[in-house]
Amino acid sequence: MTAATILNADLHCHSLVSDGTLAPEVLAARAKVNGVELWALTDHDEIAGQQRARDAALALGLPWLSGVEVSVSFAGTTVHIVGLGFDVDDPGFVAGLAATRGGREQRARDMAAGLARVGIEGAYEGALCYVSNPELISRTHFARFLVETGHCYDTHEVFRKFLIEGKPGFVAHRWASLSDAVRWITAAGGAAVIAHPGRYRFTPTEEYALFTEFIAHGGRAVEVVTGSHTPAEYAKYADMALEFDLLASRGSDFHDPEESRTDLGALPWLPGKLAPVWEAIEARVQRA
Ligand code: AMP
Ligand code: MN
Ligand code: MN
Ligand code: MN
């Protein structure tokens, strides 16, 4: 067991700047109360909440890293790449994220058209009621609308019945490329991290290709302990981190007190045999 892994780092969560329901300041306070010792807010494709997150964290004496979760298309699937400790003013990264957000409105209109074909009217306008950042309408906002209007019991059921591939509200979408996402993060001084690898329905060959190409582009780390993984997946991806010589990350992926299965700071420790990503980017951590 190395001491470095015994840190309550939570380096993955969402605010209402993307598809979470709490403000950055509220998340910072929740992280602090829950015992988080190093925190990053990682909104989808958007860094507009970073300044607020930083100010709130530093005011609470909570060490902070910049963060974002970039949507990427890889092998016909959407993959998420987390960036940590980058310069939030980097012009190339800012422009890349704006381009990645750009297709969301049309995608949302197309999703609503698909839902209308199975008798669910007004889903675009309905989803918009849950959106705080008009550039960041996501499937989660549609899911909340469908729960509120009684079509499903909870958001997980909405995804299963309406929003995943093959279902009426699913729209194939082209996000950033893996190489662009990793290079944007790296060029901005940050570390790129493969988010929740256990969530992708890849064959072993595709998963190997993801890890190999990610590293070739300069990617540094993989999420091992996340709210999206089972304990068996903690073990699997701990072994893969060692096999691929990747650093390891830890994050709840918290979105909302009711929807999320894992609260901020409430995860098991990283396995002690791993090298935590936060050690490698210690110089990027900001403190009061
Ligand atoms: P989008 O970026 O619009 O494709 O939305 C992706 C978001 O939907 C993810 O970040 C999760 O917050 C949420 N999501 C994806 N799959 C599920 C699921 N099966 N159940 C609940 N939420 C999900
Ligand atoms: Mn999300
Ligand atoms: Mn994700
Ligand atoms: Mn996430």
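The shown structure was predicted, so the numbers you read here are calculated from the model rather than taken from an experiment.

Quick look at the pattern of salt bridges
Next, step 1: For the structure on display, the rule yields 13 salt bridges.
Next, step 2: Here E105 and R109 are joined by a salt bridge, their closest N and O atoms 2.8 Å apart. You can see E105 and its partner R109 sitting in helix α4 (residues 104-116), four residues apart, about one turn around the helix.
Next, step 3: Residue classification places E105 among the partly exposed residues on the basis of a relative accessible area of 39%.
Next, step 4: Residue class for R109 comes out partly exposed when judged on its relative accessible area of 38%.
Next, step 5: Among the ionic pairs, K273 bridges to D239, the shortest N-O distance being 3.1 Å. Here the residue K273 occupies a position in the loop between β8 (247-251) and α11 (277-280), and D239 occupies one in helix α10 (residues 231-243), the gap between them amounting to 34 residues.

Overview of the sheet that holds strand β3 (residues 67-74)
Next, step 1: Taken together, the six strands give an open sheet; going across it, the order is β5-β3-β4-β6-β7-β8, and neighbouring strands pair in mixed fashion. Two strands lie at the open edges of the sheet, namely β5 (176-177) and β8, each paired on one side alone.
Next, step 2: In this structure, β3 lies alongside β5, joined through two bridges in parallel fashion. Looking at β5, one finds that V72 is bridged to A176.

A look at the pairing of β8
Next, step 1: The buried fraction of β8 is high, at five of five residues.
Next, step 2: Residue alternation in β8 divides its side chains into two sets, L247, S249 and G251 and A248 and R250, and both sets are buried.
Next, step 3: Examined bridge by bridge, strand β7 (residues 221-226) and β8 share five bridges and lie parallel to one another. From the neighbouring strand, E223 faces β8, where its bridge partner is S249.

A word on the site of ligand 1
Next, step 1: Close contacts around ligand 1 come from D19, H44, R104, R107, S138, R139, T140, H156, F159, R199 and H255, and that covers them all.
Next, step 2: Here an oxygen atom of ligand 1 sits 3.0 Å away from a polar atom, N or O, in the side chain of R104.
Next, step 3: Here an oxygen atom of ligand 1 and a backbone polar atom of R139 are 2.8 Å apart.
Next, step 4: Isolated, ligand 1 exposes 510 Å² of accessible area, and the fraction of that covered by the protein chains is 82%.
Next, step 5: Counting atoms within 2 Å of the grid points, the majority share of ligand 1 lands in the largest pocket.
Next, step 6: Secondary-structure elements contributing two or more residues to the shell around ligand 1 are α4, α6 (139-148) and α7 (155-163).
Next, step 7: Residue composition of the shell around ligand 1, by class: one nonpolar, five polar and five charged.

Here we look at unusual backbone geometry
For residues that are not glycine, phi is negative in most cases, and the peptide bond is trans in most cases.
Next, step 1: The phi torsion at H196 lies on the positive side, around 25 degrees, for a residue other than glycine.
Next, step 2: Of note, H196 is situated in the loop between β6 (191-194) and α9 (204-216).
Next, step 3: Residue D253 is not a glycine yet carries a positive backbone phi of 65 degrees.
Next, step 4: Overall, D253 belongs to the buried group, its relative accessible area being 11%.

Let's talk about the coordination of the manganese ion (ligand 3)
Where a metal carries four tetrahedral donors, each ideal angle is 109.5 degrees; where it carries six octahedral donors, the ideal angles are 90 or 180 degrees.
Next, step 1: With distances of 2.1 to 2.2 Å, the protein atoms coordinating the manganese ion (ligand 3) are E69 (OE), H80 (ND1) and H196 (NE2).
Next, step 2: In primary-sequence terms, the residues that donate to the manganese ion (ligand 3) follow E-x10-H-x115-H.
Next, step 3: For the pair the manganese ion (ligand 3) and the manganese ion (ligand 2), the metal-to-metal distance amounts to 5.7 Å. In this pair, E69 sits in strand β3 while H196 sits in the loop between β6 and α9, placing the two residues 127 residues apart along the sequence.

Comments concerning the coordination of the manganese ion (ligand 4)
Next, step 1: The protein atoms donating to the manganese ion (ligand 4) are H12 (NE2), H14 (NE2), E69 (OE) and D253 (OD), with metal-donor distances spanning 2.1 to 2.3 Å.
Next, step 2: Mapped onto the sequence, the donors of the manganese ion (ligand 4) take the spacing H-x1-H-x54-E-x183-D.
Next, step 3: In this structure the manganese ion (ligand 2) is found 4.6 Å away from the manganese ion (ligand 4). Exposure class is identical for H12 and H14. Each is buried.

Some words on the side chain of R101
Next, step 1: Tracing the backbone shows R101 in helix α3 (residues 91-102).
Next, step 2: Separated by 3.4 Å, the side chains of R101 and E46 make a polar contact.
Next, step 3: For R101, the residues in contact, after removing those within four places along its chain, are D45, E46, E135 and L136.

Some thoughts on the packing of α4 against α6
Next, step 1: With their axes 11 Å apart at the nearest point, α4 and α6 run at an angle of 35 degrees to one another. As for how α4 packs across α6, the hand of that crossing is right-handed. Along the contact surface, α4 presents R107, A108, M111, A112 and L115, while α6 presents R139, F142 and L146.
Next, step 2: Classifying every residue of the contact of α4 with α6 gives six nonpolar, no polar and two charged.

Cut-offs applied
- Residues numbered from 1 in each chain as written.
- Chains lettered and ligands numbered in written order.
- Predicted model: local features only at pLDDT ≥ 70, side-chain atom pairs only at ≥ 80, totals over all residues.
- Heavy atoms only, no water.
- Salt bridge = Lys/Arg side-chain N within 4 Å of Asp/Glu carboxyl O.
- Helix = DSSP H or I, 4+ residues; strand = E, 2+ residues; numbered from the N terminus.
- Buried < 20%, exposed > 50% of the residue type's maximum accessible area, 1.4 Å probe, protein only.
- Pairing = 2+ DSSP bridges.
- Near = heavy atom within 4 Å.
- Polar contact = N/O pair within 3.5 Å; in protein donor to acceptor, adjacent residues only side chain to side chain.
- Areas by Shrake-Rupley, 256 points an atom, 1.4 Å probe, with all protein chains shown as cover.
- 1 Å grid on protein atoms, 1.4 Å probe; cavity = no way out; pocket = protein on both sides within 12 Å on 5 of 7 lines; lining within 4 Å.
- Sits in = over half its atoms within 2 Å of the grid points.
- Nonpolar A, V, L, I, M, F, W, Y, C, P; charged D, E, K, R; others polar.
- Donors = N, O, S within 2.8 Å, 3.2 Å for Na, K, Ca; no water.
- Contact = heavy atoms within 4.5 Å.
- Axes fitted to C-alpha atoms, helices over the stretch in contact; angles between N-to-C directions.
- Left-handed = near helix turned anticlockwise from the far one by under 90°.

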